[in-house]
Every structure is written in C-alpha cells, then in structure tokens.
Amino acid sequence: QVQLVESGGGLVQPGGSLRLSCAASGSIFSINAMGWYRQAPGKQRELVAAVTSGGSTNYADSVKGRFTISRDNTKNTVYLQMNSLKPEDTAVYYCFFNLGYAIETDYWGQGTQVTVSS
C-alpha cells in the first residue's frame, strides 16, 4: 500500500514563504512523475508543479518564478518551495505520485492548507 504524507502548510503574510513536503512510503516503484495540485473552494483543481522521472519540470504560469519543485529520490519525497506568496495562492495543496509500468496510478496526499493573508 502506498501512502503519501504532507506537511509544511500554514498561515503566512503576502510576500512570505513556505516549503511543503510530501513523503511516500510503501511499494514505491516506476515513478513517472511527482508534483502538486491545489484547490480552493468553488475553484477548479489546478496543477501547480510537476517533475518527471527524467527531471523535467512544469509549472503553472501563475507560479513561475516564485515556486520551485524538487525531489529527493532516496527519500521518496517531493518538495514545493513557495516564495513571494500571494493571497491567490491560498488553497489546499495536494501532492501526488504517478506510479506504474504499463498501468499508471495516481496516489494522493491528504492535503495541507496554505493561507496567504494580511
């Protein structure tokens, strides 16, 4: 069984920073991609950032230049460094691992609340 545990959310003022962590445990193999989605009430889920097994990264336009995704393969952990936070970044952030050979499966963290407010 694969489990993802998130941490690092909280309340920050505009312009502040947070670092989210997501550690996976269990049968971790054939990692295709890791990353982060976010969702606020009444809004659609948004892919924030992702990194592939080959190291390629992808960011939403709204976070480019402010957020950085990274990974530690030895720990099966993905991070999201968030700088210059804005109120519109407020959301629940969910990490994911896409695993599998031939058959791909998404696994999700429990979510961590990020609130940016003055």
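Residues numbered from 1 in each chain as written. Predicted model: local features only at pLDDT ≥ 70, side-chain atom pairs only at ≥ 80, totals over all residues. Heavy atoms only, no water.

A. Structural detail: the pattern of salt bridges. On inspection of all chains with the given rule, the structure shows four salt bridges. In this structure, Arg38 engages Asp89 in a salt bridge whose closest nitrogen and oxygen atoms are separated by 3.0 Å. Taken together, the residues span a long stretch of sequence, with Arg38 in strand β4 (residues 31-39) and Asp89 in the loop between β8 (77-82) and β9 (91-99) at a distance of 51 residues. Between Asp61 and Lys64 there is a salt bridge, with its nearest N and O atoms 3.1 Å apart. (Salt bridge = Lys/Arg side-chain N within 4 Å of Asp/Glu carboxyl O. Helix = DSSP H or I, 4+ residues; strand = E, 2+ residues; numbered from the N terminus.)

B. Seen up close, unusual backbone geometry. Phi angles above zero are rare outside glycine, and Ser30 is one such case at about 50°. Along the chain, the position of Ser30 falls in the loop between β3 (18-25) and β4. By relative accessible area, Ser30 is classed as partly exposed at 33%. The backbone of Ala102 shows a phi angle near 75°, a positive value even though the residue is not glycine. With a relative accessible area of 71%, Ala102 lands in the exposed category. (Buried < 20%, exposed > 50% of the residue type's maximum accessible area, 1.4 Å probe, protein only.)

C. The pairing of β8, seen in detail. Counting buried positions over the six residues of β8 gives five, a clear majority of the element. As paired elements, strand β7 (residues 67-72) and β8 share six bridges and run antiparallel to each other. Across the sheet, Ile69 pairs through a bridge with Leu80, a residue of β8. (Pairing = 2+ DSSP bridges.)

D. Focus on the nonpolar core. Grouped together as the largest cluster of nonpolar side chains are 30 residues, with contacts concentrated most on Trp36, Leu80, Met82 and Tyr93. The set of elements that each furnish at least two residues to this core consists of β3, β4, β5 (46-52), β7, β8, β9 and β11 (112-116). The element contributing the most residues to this core is β9, with five residues. (Core = buried A, V, L, I, M, F, W, Y, C linked by side-chain atoms within 4.5 Å.)

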